[in-house]
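Letter by letter, the chains look like this.
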Amino acid sequence: MSENTLSKRDYIVETESDIEELLKDTLLINYKNQIFAWKLNAEFKRSYKESFLYNRALFLSSNSCLLINNLGNEKTAFSGLKESAEIYEYLSELDDIHEKYDKEYLILKSALCYDLSGYQANAYCVSNRLESLVLESKTEFINVELDNLVIEQIILILLKKIPLAQSKLQIYKNDGLGFLLFKVALNNWYNYILKLDEINFIESFNDVYKYYLNSGNTYLSHLIFLLKSRVILFQNRSISNNLIQYDLIKNNINWRKYIKLLAHDYYSSNKIKEIDKRKSIFELWTSQLRAIEGGLIAKDENFVVQMPTSAGKTFIAELSILKYLIMYPKKECVYIAPFRALTSEKEIELAKYFSKMGFSVSALSGSYEVDEFQEIILSETDVLIATPEKIDLLLRINPDFFNDISFMVVDEGHIIGDYSTRATLLEFLIIRLKIKIPELKTLFISAVMPSENANEYSVWLSGKEENVLRSLLHSDSSLNEEWEPTRKLISYFEWEGKNGNITFENVKTEDEETKKVIGAKLYSFIRDKEFSGLFPAKKVKKETAAALAYKLSEEGNTLVFCAIVPRIESVAKSFLELLSIIDKKEI
């Protein structure tokens, strides 16, 4: 071997270095921020080049997958894939992009890269924008029918419609070796997801990729390379792989039934879903993987779940509840939710699968009484969902009920930190239950609790500071490197003269000539008294808040948070006043 010849391992290490260097490239960062800022309607001097961004995204997505296929650094691979996913997505949203690139193809690649990088919810949302992606041939000698079937399957996978995908797979014609290999590979994978069949589906996907690569079909071979990498990662994220490693689950019929129910998604309430409405759950999100790694299943201990909103905390609670229902078949579980509306919501969520496995899930409403019907529920239920007030009442009038409780979930547990009678009640309720049932295990959940507080609660509940399950980006990440399923944009609003502008803190753009870096800015987002010359008055904060809420609601759902409770009514009244002004203008 000559001195200039790279070994495969050296090549992978060099590729890792190239990806890491590109991710730090200031020009790429500036162009990407520019294109995102432009999408937000920010005003600035544009200098980004679509071809530059596309070529870098292509490099990142291809070479990150190369790392995944060759046991390279996953952190680097995931960073490269997320970056490429965002670039593909931003490019697809430019109004004139269809003149240079296939918009639907950009969306599909964005969704695949989000899925690969561990942002499955983003992948689902992006792929939902795909109304159609149909290749058309400009010559009768090239048949793209089979190519379109491959693309259809990839889209169904991104939309988690595995039952529909397999159903369609059965009716496709076995036309051509490449497509036959693709069918075999997918069918093997689908059977593992839906039936837990032990089949080597990875090798099948290797055969498919080699065929399309050697055939010279660069369009499909790139997509299949991304899909093959996606299937490799499935082995680490699979619900079945992560759960069946434990002896208490491996040969347990209830756990296997649960995993299959998640994958098939047969039921909507008490009805069978139409196959095109079924959405398979067959993988764990990053946050849920961290919970499993932290001992959620392996350890019989108390845990604090400190994870951001929409990070999949209810599913973590569901796994814990099922664990204790199966470990202690003659005992029940309690789910404490702070609000009545939340108890009804959790009853529907938990009953969806538990009821199909023979477990009863019931929510009790009201605070100060237990009627005859509720007494019947208590005697029959396996999972009781109620507010702290209701559980407190039950403990006082029917303490023997709690002798048969093995596990308790405390949702929105951070309310204990409030200055309120409810906070005091919940804290003393937990203390009394810990005294009455020393062996009772607890899962304490919060989306807004600071890390320091989570450690303190963990010591209080388990005697261990480390029993906090966090949504870390990687297993060895620091506390400030958090995985979140949603994109967070931080901005601030300020009046400048009669114009109200919004500046984005974490979307910086740089002028290539002056090198001046500023936050992306939406100028004149609202103006002083822009509605009929009456509203909002810039010096009146409640009117400014109402006008901002109205303008932001044009882009989607908007929540308004007020610093103190008394301000809620004043902002709401201002919002109604604004709607009245707008209605009169339209009339």
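Residues numbered from 1 in each chain as written. Predicted model: local features only at pLDDT ≥ 70, side-chain atom pairs only at ≥ 80, totals over all residues. Heavy atoms only, no water.

Q: I tried to follow the overall build of the chain on my own but got confused; where do I start?
A: Scanning the chain for helices and strands turns up 23 helices and 12 strands. The C-alpha radius of gyration computed for the chain amounts to 27 Å, which stays within 12% of the reference 25 Å derived for 587 residues, consistent with globular compactness. With the C-alpha coordinates aligned to their principal axes, the bounding extent of the chain is approximately 80 × 70 × 55 Å. When the 587 residues of the chain are sorted by exposure, 51% land in the buried category. Carbon and sulfur atoms make up 51% of the accessible area of the chain, which amounts to about 29000 Å² in all. Averaging the positions of the 72 positive and the 84 negative side-chain charges in the chain gives two centres separated by 2 Å. (Helix = DSSP H or I, 4+ residues; strand = E, 2+ residues; numbered from the N terminus. Rg over C-alpha atoms; globule rule 2.2 N^0.38 Å. Buried < 20%, exposed > 50% of the residue type's maximum accessible area, 1.4 Å probe, protein only. Areas by Shrake-Rupley, 256 points an atom, 1.4 Å probe, with all protein chains shown as cover. Lys, Arg positive; Asp, Glu negative; His and termini not counted. Charge placed at Lys NZ, Arg CZ, Asp CG, Glu CD.)

Q: Would you explain the sheet that holds strand E3 (residues 303-306) in this entry?
A: Each strand in a sheet pairs with another by means of backbone hydrogen bonds, the pair being arranged parallel or else antiparallel. Pairing is parallel in the open sheet, where seven strands are placed in the order E5-E6-E4-E7-E8-E3-E9. Lying at the two open borders of the sheet, with one neighbouring strand each, are strand E5 (361-363) and strand E9 (468-470). Taking each pair of neighbouring strands and ignoring which way they run, the sheet shows an average axis angle of 15°. Two strands pair when backbone bridges link them, and E3 and E9 are joined in this way by three bridges, in the parallel orientation. Each bridged residue has a counterpart across the sheet, and for valine 304 the counterpart in E9 is valine 468. Its contacts with the sheet place helix H16 (residues 313-327) against E3, strand E4 (332-336), strand E6 (383-386), strand E7 (405-410) and strand E8 (441-446), and it is angled at close to 175° to E8. (Pairing = 2+ DSSP bridges. Axes fitted to C-alpha atoms, helices over the stretch in contact; angles between N-to-C directions. Contact = heavy atoms within 4.5 Å.)

Q: Which parts of the structure should I look at to understand the nonpolar core?
A: Side chains of nonpolar character tend, in soluble globular proteins, to be buried together. If you look at the biggest cluster of nonpolar residues, it comprises 150 residues, and the most contacted ones within it are Trp189, Tyr258, Ile321, Phe354 and Leu443. Among the elements that line this core, the one with the most residues is helix H11 (residues 218-237), at 10 residues. Residue contacts for tryptophan 189: discarding those within four places in its chain leaves Ile157, Phe201, Phe205, Val231, Phe234 and Phe282. In terms of nonpolar packing, the next biggest core, distinct from the first, is built from 29 residues, Ile391, Leu395, Leu440 and Ala454 among them. (Core = buried A, V, L, I, M, F, W, Y, C linked by side-chain atoms within 4.5 Å.)

Q: Please explain the sheet that holds strand E11 (residues 499-510) as it appears in this structure.
A: Spatially, E10-E11-E12 is the arrangement adopted by the three strands of the open sheet, whose pairing is antiparallel. Edge strands, defined here as strands with exactly one partner in the open sheet, are strand E10 (491-496) and strand E12 (517-527). Across this sheet, the average inter-strand angle for adjacent strands is 30°, counted without regard to direction. As judged from the seven bridges shared by E11 and E12, these two strands associate in the antiparallel manner. Across the sheet, the residue bridging to glutamate 510 is valine 517, located in E12.

Q: Help me understand the packing of helix H7 (residues 145-158) against H11, please; the structure alone is not making it clear to me.
A: Here H7 crosses H11 at 25°, and the two axes come no closer than 11 Å. With respect to H11, the element H7 is oriented roughly parallel. Taken as a pair, H7 and H11 cross one another with a handedness that is left-handed. Residue-level inspection shows Asp147, Val150, Ile151, Ile154 and Ile157 of H7 in contact with H11, the latter providing Tyr219, Leu220, Leu223, Ile224 and Leu227. (Parallel < 35°, antiparallel > 145°, perpendicular 65-115°, else oblique. Left-handed = near helix turned anticlockwise from the far one by under 90°.)

Q: Looking at this structure, I do not really get the packing of aromatic side chains. What am I missing?
A: Scanning all chains against the criterion turns up 31 aromatic pairs. Centre to centre, the rings of tyrosine 119 and tryptophan 483 are 5.9 Å apart; their planes meet at 35°, and the pair counts as tilted. Remark: tryptophan 483 occurs in the loop between E9 and E10 and tyrosine 119 occurs in the loop between helix H5 (103-116) and helix H6 (120-127); sequence separation between them is 364 residues. Taking the relative accessible area as the measure of exposure, tryptophan 483 reaches 1% and is therefore buried. Measuring from centroid to centroid gives 5.9 Å for tyrosine 266 and tyrosine 267, while their planes differ by 65°, and the two rings are edge-to-face. Taken together, the ring pairs in this structure connect Trp189, Tyr190, Tyr192, Phe201, Phe205, Phe234 and Phe282 into an aromatic cluster. Stacked on the ring of tryptophan 38, the Lys or Arg arginine 46 has its end atom at 3.7 Å from the ring centre. Here the basic side chain of lysine 279 rests over the ring of tyrosine 124, its NZ or CZ set 4.0 Å away from the ring centre. (Phe/Tyr/Trp six-rings, centres within 6.5 Å; stacked < 30°, edge-to-face > 60°. Lys NZ or Arg CZ within 6 Å of the ring centre and 35° of its normal.)

Q: Help me understand helix H8 (residues 162-171) in this model?
A: Residues spaced three or four apart along an α-helix point in a common direction, a consequence of the helix completing one turn every 3.6 residues. Ile162, Pro163, Leu164, Ala165, Gln166 and Leu169 are the residues of H8 that are buried. As for H8, its buried residues are in contact with H7, helix H9 (177-195) and helix H14 (253-264).

Q: When you look at a nonpolar patch on the surface in this model, what are you seeing that I'm missing?
A: On the surface, a nonpolar cluster with roughly 330 Å² of combined accessible area is contributed by Leu177, Leu180, Val184 and Tyr211. By residue number, the principal contributor to the nonpolar patch is H9, which donates three residues. Structurally, tyrosine 211 is set in helix H10 (residues 201-214). Overall, the relative accessible area of 32% leaves tyrosine 211 in the partly exposed class. (Patch = residues over 30% accessible without salt bridge, like charges linked within 9 Å, V, L, I, M, F, W, Y side chains within 5 Å. Salt bridge = Lys/Arg side-chain N within 4 Å of Asp/Glu carboxyl O.)

Q: So what exactly am I meant to see when it comes to the environment of glycine 497 here?
A: Relative to the elements of secondary structure, glycine 497 occurs in the loop between E10 and E11. Overall, the relative accessible area of 46% leaves glycine 497 in the partly exposed class. Sequence separation between glycine 497 and isoleucine 157 is 340 residues; the distance between their C-alpha atoms is 51 Å.

Q: Hey, could you run me through the packing of H8 against H9 in this one?
A: What describes two packed helices is the angle between their axes and the distance between those same axes. Remark: H8 packs on H9, axes separated minimally by 10 Å, with the N-to-C direction vectors making an angle of 140°. Remark: the crossing between H8 and H9 carries left-handed chirality. Contacts from Ile162, Pro163, Ala165, Gln166, Leu169 and Gln170 of H8 reach H9 at Lys183, Leu186, Asn187, Tyr190, Asn191, Ile193 and Leu194. Residue composition of the contact of H8 with H9, by class: eight nonpolar, four polar and one charged. (Nonpolar A, V, L, I, M, F, W, Y, C, P; charged D, E, K, R; others polar.)

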